[in-house]
Amino acid sequence: MKCYICAEQGRDTEAVAICIVCGMGVCMEHLVRKDVELWRGDYPFPARKLKKPVPRILCVICNEAYEEG
Ligand SMILES: [Zn+2]
Ligand SMILES: [Zn+2]
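Everything numeric here is computed off the predicted structure, so don't read it as measured data.

Caption draft 1: Structural context of the coordination of the zinc ion (ligand 2). Around the zinc ion (ligand 2), the donor atoms from the protein are Cys-19 (SG), Cys-22 (SG), Cys-59 (SG) and Cys-62 (SG), and they sit 2.2 to 2.3 Å away. Classification of the site at the zinc ion (ligand 2) as tetrahedral follows from its four donor atoms and the range of 103 to 117 degrees in their angles at the metal. Linear spacing of the donor residues for the zinc ion (ligand 2) on their chain is C-x2-C-x36-C-x2-C. Remark: Cys-59 occurs in strand β4 (residues 57-59) and Cys-22 occurs in the loop between β1 (17-18) and β2 (25-26); sequence separation between them is 37 residues. Accessibility expressed as a relative area gives 0% for Cys-59, which makes it buried.

What follows is the structure in structure tokens.
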């Protein structure tokens, strides 16, 4: 999978993680690690559909949305 944000900028970078909120691939430059505590509550956590646990990582876009909210 390629980094979605890099792809939008015309770059071709291999993704190293997947945003747990929007599900898009992100490279090291565009991922943000988040504290687990953030995910308590009733947010529809998408990882339950996956077979393997994923790192709790957001893309920079979703991170910005959370910082603002
Ligand atoms: Zn990227
Ligand atoms: Zn995201």
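Caption draft 2: The side chain of His-30, seen in detail. As for its position among the elements, His-30 is in the loop between β2 and β3 (31-33). According to the relative accessible area criterion, His-30 is buried, its value standing at 7%.

Cut-offs used in this document
- Residues numbered from 1 in each chain as written.
- Chains lettered and ligands numbered in written order.
- Predicted model: local features only at pLDDT ≥ 70, side-chain atom pairs only at ≥ 80, totals over all residues.
- Heavy atoms only, no water.
- Donors = N, O, S within 2.8 Å, 3.2 Å for Na, K, Ca; no water.
- Tetrahedral: all angles 85-135°; square planar, octahedral: opposite > 155°, others 65-115°.
- Helix = DSSP H or I, 4+ residues; strand = E, 2+ residues; numbered from the N terminus.
- Buried < 20%, exposed > 50% of the residue type's maximum accessible area, 1.4 Å probe, protein only.

None of this, on its own, says anything about what the molecule does.
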